[in-house]
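Residues per chain are reported as follows:
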Amino acid sequence: MGRGAFHDDSGGETVYETLRNRGLTRRDFLTFCTMMAATLALPASFAPRIAEALEKKKKPTVVWLEFQDCAGNTEALLRASAPTVKELVLDILNVEYHETIMAAAGHQAEKSLEDVVKNLKGQYITIVEGSIPLKDGGVYCCVGGRAAIDIVKEVCSGALATIAVGTCAAYGGIPAAAPNPTGAVGVSDAIPGLKVVNLPGCPVNVENITATIVHFLTFGSLPSLDKLGRPLFAYGKRIHDNCERRAHFDAGQFVRQWGDEGHRQGWCLYEMGCKGPETFKNCPRIKYNEGTSWPVGAGHGCIGCAEPAFWDKMAPFYRRLPQPPGFGVEKTADKVGAGLAAVTGAAIVAHGIGRVIAGGKKEKTEE
Amino acid sequence: MRAVENALGITIPDNARIIRNLITGIQYVQDHVIHFYHLHALDWVDIVSALKADPKKTSELAQSISDWHNSSEAYFKGVKEKLKTFVESGQIGPFTNGYWGHKAYKLPPEANLIAVAHYLEALDWQRDVIKIQALLGAKNPHAQTYLVGGMAVPVDPNSENALNAGSIAFMSGLAKKALEFVEKVYIPDLLAVASFYKEWAKYGAGVGNYLAYGVFEQDTKSNTDNLYFPRGIILNKDLSKVYPVDHKKITEYVTHSWYEYPDGDDKARHPWDGVTNYKYTGPKPPYKFLDTDKKYSWLKAPRYDDKPMEVGPLARMLVAYASGHKRVQEVVNFVLKKLNVGPEVLFSTLGRTAARGVETLVTAEMLPVWLNELAANMKKGDYRIHNSERWDPSTWPREAQGYGFHEAPRGALGHWVKIKDGKIENYQCVVPSTWNGSPRDAKGQRGPYEAALIGTPVADPEKPIEILRTIHSFDPCMACAVHVTDAEGREVVRIKIV
């Protein structure tokens, strides 16, 4: 990882200076650093270290590329709260190219991208949204007459780091669903060998984008990734592991019909097709829209949107998983429920037998 | 979802109808405000000019158009200083290479400063008010609680895991915040900006035909025509007559699109018989031009009764206005009176941008109404959110077909489905940006974007901001390219609009 942009001593404004000049108090700033530490699953003691890092570094330049996408991750970025999109886009980062939000159009817009690639080689961060079609020479997605694959190769090869936001950029997502007519792939498959941080999700929870960037600014390196390129701080556990409805799963309490008593009481959605047991993501912990809600919390199961090939692998969305892995001997909810009932029953029976035995003993003693 | 409900004859419960109205309603309000301030305003507002503003005069101007609380001299002084620091840092991010200083910018520095302040305020506001959708839809963007037959978000005032009185209170607070910003910031800014750009009522009319499927169901019948914003068609800018919509008259051409039809590309097909066989015949990238005499677009060309149609807020507001919708008429007439212009100006770039504001206000006013309907149902013990009669595919007929109408913020959205043996046999979507961004059809008729650009003056061909104004006024969902060429057909400049 190069030192370039973030260790520049040329006297430019640091992130903290910018924030301060824009009216953020020291207290606000430290609150932000603490929230970042929390999102990154770091102990609170790391907050001062994040603060220190942000106080010393210039705003890193970011280019955000969109290909086969719906701008859903851009929309998610607009909902960022810690920091807010305002702070993120204007104060913390220098987002020089972003098709949806930039003021420039046409030649002027393309010039912004060309200038970054030419003048800041090895110093900028590339964020990619949307999949990249490889079939037929890339004709299925062209920007300004250039194929997406040519753009992404040029821009990412000169970047300090590449982050793929959303499931499409990470793994191809919906455009790559069978029969994948355009040969859509994610960034890692489009440029084999390139180190990419994958932040899948439909859309990604925006705190995971900001936390990845702050991790980078703070430690000067990318966060630890799993074999699919996902940061462990956000994708290290299954939805099921941290689910707020987990107790109902363990108790064998399942929603059987939309709007039934169990549904209204927040029981487990496994029987309604929830893919939480097979999906790795921190949704239960950070949720969406500043913690307002998330699919399972709202009453709809997880559709596994953060997993590779989710559209093909997770559908039908409302059929329950036949064999969720990682449940030991208990393979289905019925068996888990039945198993629990059996264990409980056995315990009661055993208890009864014990009493009989004890009673018998007592009787014997009495005899 | 509505197409499948229509195909299978499913009637949804009233709570599902209300929840869907609320999700769509807050999406209109939030999306239109983002469009105005963050995707369209910079076509009219010169942020660099705002640096020349006098904070005292800015405060006076702001207070003359609205009683919004952020309007003191000190407030605008602060915004100006922040802007100055930002611009002087040399790292101006998304504002890099904008057309700043272009002579087509007409606002005085003080109005530009107000717009910059509200650009920033709107960023915070939108994040908050959209939580209505996050609560009802599980998240935003990409609401995930829609089900065929209803919604997956339970209603029960006696449960902490369902929509209850607390949820109603939470959403009511946000709805109030949403309306206040629209009334006190968006509408006054829209009127102030428009008053400097009245000449834009002369440009950007487009095809002059308007299609609205209508939106905000007032009963639970499939594809009901009992809608708060009515369904209808206006032809040739004639507001004296509103024609009914017959979905059978909707067809799509691929004459100039990179697809092929089995019985010839010059014959249009109804979406139930729609075919999406792609066949790219354009140049190999990288390329500079597309030949518009041949196929040149990935969009099909939707037509109604063989005519191109504009869809979106302008179409919805014109259909409502001409249908006698009282509140829409009141607000449209108020806007026209404020600008001292007649209804003929509605058929323009300016009219399109103003109609979006009118719709935002009228929709924001309905949010509390729907919240009250939901609360009333809760009160009488109606907690139903889903009709499960057809949930199991074994209950379906062997064959079925249906269609569903919706109005996305940017316009009429229709889905058509054919179901056979429990599976989708054909599914076709005709989306707003294919109507508006449509390429030419077999008869050579242009779509709304193309037609709207005819006659637009361009002051500086190197910086054709005028083209951005008209194309952005449609709220396109995609990037498109417009090439500015001189009389000999040489390319002067190529702009990509996003």
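Residues numbered from 1 in each chain as written. Chains lettered and ligands numbered in written order. Predicted model: local features only at pLDDT ≥ 70, side-chain atom pairs only at ≥ 80, totals over all residues. Heavy atoms only, no water.

### Remarks on the overall build of chain A
Item 1. A count of helical and extended segments in chain A gives 17 helices and 9 strands.
Item 2. A buried classification covers 57% of the 367 residues belonging to chain A.
Item 3. Of all intrachain contacts in chain A linking residues separated by at least 6 positions in sequence, the fraction that spans at least 24 positions is 74%.
Item 4. Accessible surface for chain A amounts to roughly 14,600 Å². Of this, 55% is attributable to carbon and sulfur atoms. (Helix = DSSP H or I, 4+ residues; strand = E, 2+ residues; numbered from the N terminus. Buried < 20%, exposed > 50% of the residue type's maximum accessible area, 1.4 Å probe, protein only. Contact = heavy atoms within 4.5 Å. Areas by Shrake-Rupley, 256 points an atom, 1.4 Å probe, with all protein chains shown as cover.)

### Overview of the interface of chain A and chain B
Item 1. Between chain A and chain B, the contact holds 70 residues from the first and 67 residues from the second.
Item 2. Counting the surface lost from both chain A and chain B, the interface buries some 6,000 Å², and carbon and sulfur atoms represent 58% of this.
Item 3. At the junction of chain A and chain B, the tally comes to 4 salt bridges.
Item 4. Between the two partners, chain A and chain B, sit 24 residue pairs in polar contact (both at pLDDT 80 or more).
Item 5. Elements with a contribution of two residues or more to the side of chain A that touches chain B: α4 (72-78), α5 (85-92), β2 (94-98), α6 (106-119), β5 (142-143), β6 (146-147), α13 (261-264) and α15 (295-298) of chain A.
Item 6. Ranked by the residues each element gives to the side of chain A that touches chain B, the list is headed by α6(A), at 6 residues.
Item 7. Among the residues making up the side of chain A that touches chain B, the classes are represented as 29 nonpolar, 26 polar and 15 charged. (Buried area = accessible area lost by both parts, 1.4 Å probe. Salt bridge = Lys/Arg side-chain N within 4 Å of Asp/Glu carboxyl O. Polar contact = N/O pair within 3.5 Å; in protein donor to acceptor, adjacent residues only side chain to side chain. Nonpolar A, V, L, I, M, F, W, Y, C, P; charged D, E, K, R; others polar.)

### Here we look at the sheet that holds β2(A)
Residues and elements named next belong to chain A.
Item 1. The 5 strands are arranged β2-β1-β3-β7-β9 in an open sheet whose pairing can be described as parallel. Looking at which strands have only one partner, the edges of the open sheet turn out to be β2 and β9 (196-199). Strand-to-strand, the axes of this sheet are offset by a mean angle of 20°, without reference to chain direction. (Pairing = 2+ DSSP bridges. Axes fitted to C-alpha atoms, helices over the stretch in contact; angles between N-to-C directions.)

### Considerations on the sheet that holds strand β10 (residues 411-420) of chain B
Residue and element names in this part refer to chain B.
Item 1. Taken in spatial order, the 3 strands line up as β9-β10-β11 in an open sheet, and their pairing is antiparallel. Both edges of this open sheet fall to β9 (399-408) and β11 (423-430), since each of them pairs with a single strand only. Strand after strand, the sheet turns through a mean of 15° between neighbouring axes, direction not considered.
Item 2. Pairing geometry for β9 and β10, over 10 bridges, is antiparallel. For G402, the partnering residue across the bridge sits in β10 and is V417.

### So, the layout of surface pockets
By rolling a water-sized probe across the atoms, one finds the places where empty space is left.
Item 1. By volume, the second largest pocket amounts to about 400 Å³.
Item 2. Lining of the second largest pocket is provided by 23 residues; of these, K86(A), K82(B), L120(B), E121(B) and D124(B) occupy positions nearest its centre.
Item 3. Ranked by residues supplied to the lining of the second largest pocket, first place goes to helix α5 (residues 109-129) of chain B with 5 residues.
Item 4. Tallied by class, the residues present in the lining of the second largest pocket amount to 9 nonpolar, 5 polar and 9 charged. (1 Å grid on protein atoms, 1.4 Å probe; cavity = no way out; pocket = protein on both sides within 12 Å on 5 of 7 lines; lining within 4 Å. Points joined across faces, edges and corners; volume = space filled by probe spheres on them.)

### Side note on empty space enclosed by the protein
All names here are of chain B.
Item 1. Enumeration over the complete set of coordinates arrives at 15 cavities of 30 Å³ or more.
Item 2. For the largest cavity, the calculated volume is near 200 Å³.
Item 3. Taken together, 21 residues line the largest cavity, and the ones lying closest to its centre are R2, E217, K221, S222 and N223.
Item 4. Of all the elements in the fold, those that place two or more residues in the lining of the largest cavity are α1 (2-8), α2 (14-40), β4 (215-217) and β9.
Item 5. For the lining of the largest cavity, the element with the most residues is β9, which contributes 3 residues.
Item 6. Looking at side-chain class alone, the lining of the largest cavity contains 5 nonpolar, 7 polar and 9 charged residues.
Item 7. When the residues that make up the lining of the second largest cavity are grouped by side-chain class, the tally is 14 nonpolar, no polar and 2 charged.

### A closer look at the pairing of β9(B)
Regular strands show a simple pattern: their side chains alternate between the two faces of the sheet.
Item 1. The buried count for β9(B) comes to 7 of 10 residues, which makes it a mostly enclosed element.
Item 2. Linking β9(B) back to β10(B) in an antiparallel pair, the connection comprises 2 residues.

### Description of the environment of R231(B)
All names here are of chain B.
Item 1. Mapped onto the elements, R231 comes out in the loop between β5 (227-229) and β6 (232-234).
Item 2. Sequence spacing of R231 and A412 is 181 residues, and the spatial spacing of their C-alpha atoms is 10.0 Å.
Item 3. Discounting residues that sit within four places of it in the chain, R231 has contacts with A212, Y213, G214, N223, T224, D225, V245, V319 and F405.
Item 4. A distance of 3.4 Å separates a polar atom in the side chain of R231 from the backbone oxygen of N223.
Item 5. A polar atom in the side chain of R231 sits 3.1 Å from the backbone oxygen of T224.

### What about the packing of aromatic side chains?
Item 1. Counting across every chain of the model gives 39 aromatic pairs over all chains.
Item 2. Summarising the aromatic geometry, the rings of W68(B) and F181(B) are spaced 5.6 Å apart at their centres and angled 90° between planes, so their arrangement reads as edge-to-face. One end of the pair, W68(B), is in the loop between α3 (55-65) and α4 (73-88); the other, F181(B), is in helix α7 (residues 165-196), with 113 residues separating them in the sequence. In this pair, the class of W68(B) matches that of F181(B), namely buried.
Item 3. Ring-pair connections join several aromatic residues into one group, and the members of that group are Y140(A), W258(B), Y259(B), Y278(B), Y280(B) and W298(B).
Item 4. Sitting over the ring of F474(B), R352(B) keeps its end group 3.8 Å from the ring centre. (Phe/Tyr/Trp six-rings, centres within 6.5 Å; stacked < 30°, edge-to-face > 60°. Lys NZ or Arg CZ within 6 Å of the ring centre and 35° of its normal.)

### Observations regarding the pattern of salt bridges
Residue and element names in this part refer to chain B.
Item 1. Under the definition given, this model contains 48 salt bridges over all chains.
Item 2. Among the salt bridges present, the one from E373 reaches R17, with a minimum N-O distance of 3.0 Å. Taken together, the positions of E373 in helix α10 (residues 349-379) and R17 in helix α2 put the pair 356 residues apart, joining distant regions of the chain.
Item 3. Its relative accessible area of 7% is what places R17 among the buried residues.

### Some points on the nonpolar core
Item 1. Judged by nonpolar contacts, the single largest core of 160 residues is most densely connected at F29(A), I19(B), F95(B) and L163(B).
Item 2. When residues of this core are assigned to their parent elements, the largest contribution, 15 residues, is made by α7(B).
Item 3. Grouped together as the second largest cluster of nonpolar side chains are 30 residues, V63(A), Y97(A), I149(A) and V187(A) included. (Core = buried A, V, L, I, M, F, W, Y, C linked by side-chain atoms within 4.5 Å.)

### Observations regarding the confidence of the model for chain A
Residues and elements named next belong to chain A.
Item 1. Model confidence for chain A is summarised by a mean pLDDT of 83, while 83% of its residues fall at 70 or above.
Item 2. Scored below 50 in pLDDT, residues 1-11 makes 19 contacts in the model with residues more than four places away or belonging to other chains.
Item 3. In the predicted structure, residues 334-367 sits below a pLDDT of 50 and forms 17 contacts with residues beyond four places in sequence or in another chain. (pLDDT = per-residue confidence, 0-100.)

### A look at the pairing of strand β3 (residues 125-129) of chain A
Residues and elements named next belong to chain A.
Item 1. Of all 5 residues making up β3, 5 are buried, and the element is well covered by its neighbours.
Item 2. Residues I125, I127 and E129 line one face of β3 and the alternating positions T126 and V128 line the opposite face, and both faces are buried.
Item 3. Pairing between strand β1 (residues 61-66) and β3: 5 bridges, direction parallel. From the neighbouring strand, V63 faces β3, where its bridge partner is T126.

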